[in-house]
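Observations on the three-dimensional arrangement
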There are 2 protein chains.
Amino acid sequence: MITNMEQIKSQLEKQGIKPTYQRLRILEFLISAGNHPNADTIYENIAKVIPTMSRTTVYNTLSLFVESALVHGITITGADVRYGIGEANHHHFLCKKCGKIIDIEVHCPFADGVTKEINGHQIQEIHGYFKGICKDCIQS
Amino acid sequence: MITNMEQIKSQLEKQGIKPTYQRLRILEFLISAGNHPNADTIYENIAKVIPTMSRTTVYNTLSLFVESALVHGITITGADVRYGIGEANHHHFLCKKCGKIIDIEVHCPFADGVTKEINGHQIQEIHGYFKGICKDCIQS
DNA sequence: TCCATGTTTGTAATCATTACAAATTGAAAT
DNA sequence: ATTTCAATTTGTAATGATTACAAACATGGA
Ligand SMILES: [Mn+2]
Ligand SMILES: [Mn+2]
Ligand SMILES: [Zn+2]
Ligand SMILES: [Zn+2]
């Protein structure tokens, strides 16, 4: 999963998104973080290397990425939206102790998208997540 | 599922909650609505019968109810918290057309709480929901 | 160089929720 | 019945994430 700047750049170009410096940095940070950071964490970290970075740019860029399915946003903390790489075709685990959000693959007729209808309602999206204590936090 | 005021009152008393007029009305509305309204919808509807009702009372009361597991709050719209009756030991369906949220019972090792651990992470809560078009909205 | 378009930025607005303190209620004690 | 006191309710102000908006900036072609 080694991702260099060239790969990130071509990922954007593949989606027809102009690979500006701030966009590259945001996508790079999102990939390297891996724990589904929120907009503010992304902003704070990139502001260190791009002092003129604006919060609005972070929000604009994240919306752009979500539209092109390069990124998915999840609201499971109740407080903010957390962003991760790729489409949201997986489930998540939120650690109540460290706040980290980890990708989870589960297998059941619902999670696997086999079921398209339930009680007469037409299913278009399936979302699932767990809350608890992550592996790292258990030992401490 | 016929619930009269006396039953609602004793439900509160069973939890050690003083059954004030506003609390009775809020719980009554929550039960009768059934589609997981948000705080403002609850407020707007009860303000019709209790003109002095305050939004703060709605929020306070909902927090109280959630603490005693009389009610559960779910954040699946991204915009607000939606409240339903009872503990959140079930899943939900959000209709993208009418905004209604419906209780759903699903059965799989994850949803049924059989699995207590996943990838080394300790599971304490399981949340699942679907988005799509509800039965009522399909025919129209 | 000039222009057009897309991008970034800073500030102001929005909106759900929370904080806070004053006003009100109601039941127990006198 | 009056006093008292804690619980409850209320209105207003603050918070915090997100969005709206318009000015500043960058870039590539005519
Ligand atoms: Mn993810
Ligand atoms: Mn429910
Ligand atoms: Zn953790
Ligand atoms: Zn519907």
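Located above this text is the structure these notes cover.
Report on the accompanying structure.

**Digging into the coordination of the manganese ion (ligand 2)**
- Protein coordination at the manganese ion (ligand 2) comes from His 36 of chain B (NE2), His 72 of chain B (NE2), His 90 of chain B (NE2), His 92 of chain B (NE2) and Asp 103 of chain B (OD), with a distance range of 2.1 to 2.3 Å.
- Relative accessible area serves as the criterion here: at 3%, His 92 of chain B is assigned to the buried category.

**A look at the protein's contact with DNA strand C**
- As a matter of local geometry, DNA strand C sits amid 16 residues, with Thr 20, Gln 22 and Thr 52 of chain A together with Tyr 59 and Val 81 of chain B nearest to it.
- Across the atoms of DNA strand C situated within 4 Å of the protein, the share located in sugar and phosphate is 70%.
- At 3.3 Å, a backbone N or O of Ser 54 of chain A approaches a phosphate oxygen of DNA strand C.
- In the environment of DNA strand C, a phosphate oxygen lies 2.9 Å from a nitrogen or oxygen atom belonging to the backbone of Val 81 of chain B.
- Elements with a minimum of two residues in the surface near DNA strand C: α2 (21–33) and α4 (55–67) of chain A together with α4 (55–67) of chain B.
- In terms of residue count, the dominant contributor to the surface near DNA strand C is α4 of chain A (three residues).

**Considerations on the coordination of the manganese ion (ligand 1)**
Residue and element names in this part refer to chain A.
- Every protein donor of the manganese ion (ligand 1) is accounted for by His 36 (NE2), His 72 (NE2), His 90 (NE2), His 92 (NE2) and Asp 103 (OD), and the metal-donor separations fall at 2.1 to 2.3 Å.
- Motif for the manganese ion (ligand 1), donor spacing along one chain: H-x35-H-x17-H-x1-H-x10-D. With His 72 in strand β1 (residues 71–74) and His 92 in strand β3 (residues 91–95), the pair connects residues that are 20 residues apart, well separated along the chain. For the residue pair His 72 and His 92, the accessibility class agrees, reading buried in each case.

**What about the relation of the copies chain A and chain B?**
- For the match of chain A to chain B, the screw axis carries a shift of 0.0 Å, the RMSD comes to 0.0 Å, and the turn is 180°. The superposition operator between the copies reduces to a two-fold rotation axis. No C-alpha of chain A approaches the rotation axis more nearly than that of Gly 128 of chain A, which lies at 2.1 Å.
- A shared interface surface links the copies, since 100% of the contact residues of chain A are contact residues in chain B too.

**Remarks on the interface of chain A and chain B**
- The interface is formed by 29 residues belonging to chain A together with 29 residues belonging to chain B.
- Both faces considered, chain A and chain B share a buried interface measuring about 2800 Å² in area, 60% of it formed by carbon and sulfur atoms.
- Seen at the junction of chain A and chain B, the total is two salt bridges.
- For Glu 125 of chain A, the salt bridge goes to Lys 96 of chain B, with nearest N and O atoms at 2.7 Å.
- The interface formed by chain A and chain B includes 14 residue pairs in polar contact (both at pLDDT 80 or more).
- Of all elements in the fold, only β4 (101–104), β6 (121–133) and α5 (135–138) of chain A reach the threshold of two or more residues within the side of chain A that touches chain B.
- The leading source of residues in the side of chain A that touches chain B is β6 of chain A, at 13 residues.
- When the residues that make up the side of chain A that touches chain B are grouped by side-chain class, the tally is 14 nonpolar, eleven polar and four charged.

Basis of the calculations
- Residues numbered from 1 in each chain as written.
- Chains lettered and ligands numbered in written order.
- Predicted model: local features only at pLDDT ≥ 70, side-chain atom pairs only at ≥ 80, totals over all residues.
- Heavy atoms only, no water.
- Donors = N, O, S within 2.8 Å, 3.2 Å for Na, K, Ca; no water.
- Buried < 20%, exposed > 50% of the residue type's maximum accessible area, 1.4 Å probe, protein only.
- Near = heavy atom within 4 Å.
- Polar contact = N/O pair within 3.5 Å; in protein donor to acceptor, adjacent residues only side chain to side chain.
- Helix = DSSP H or I, 4+ residues; strand = E, 2+ residues; numbered from the N terminus.
- Least-squares fit on C-alpha atoms with pLDDT ≥ 70 in both.
- Contact = heavy atoms within 4.5 Å.
- Buried area = accessible area lost by both parts, 1.4 Å probe.
- Salt bridge = Lys/Arg side-chain N within 4 Å of Asp/Glu carboxyl O.
- Nonpolar A, V, L, I, M, F, W, Y, C, P; charged D, E, K, R; others polar.

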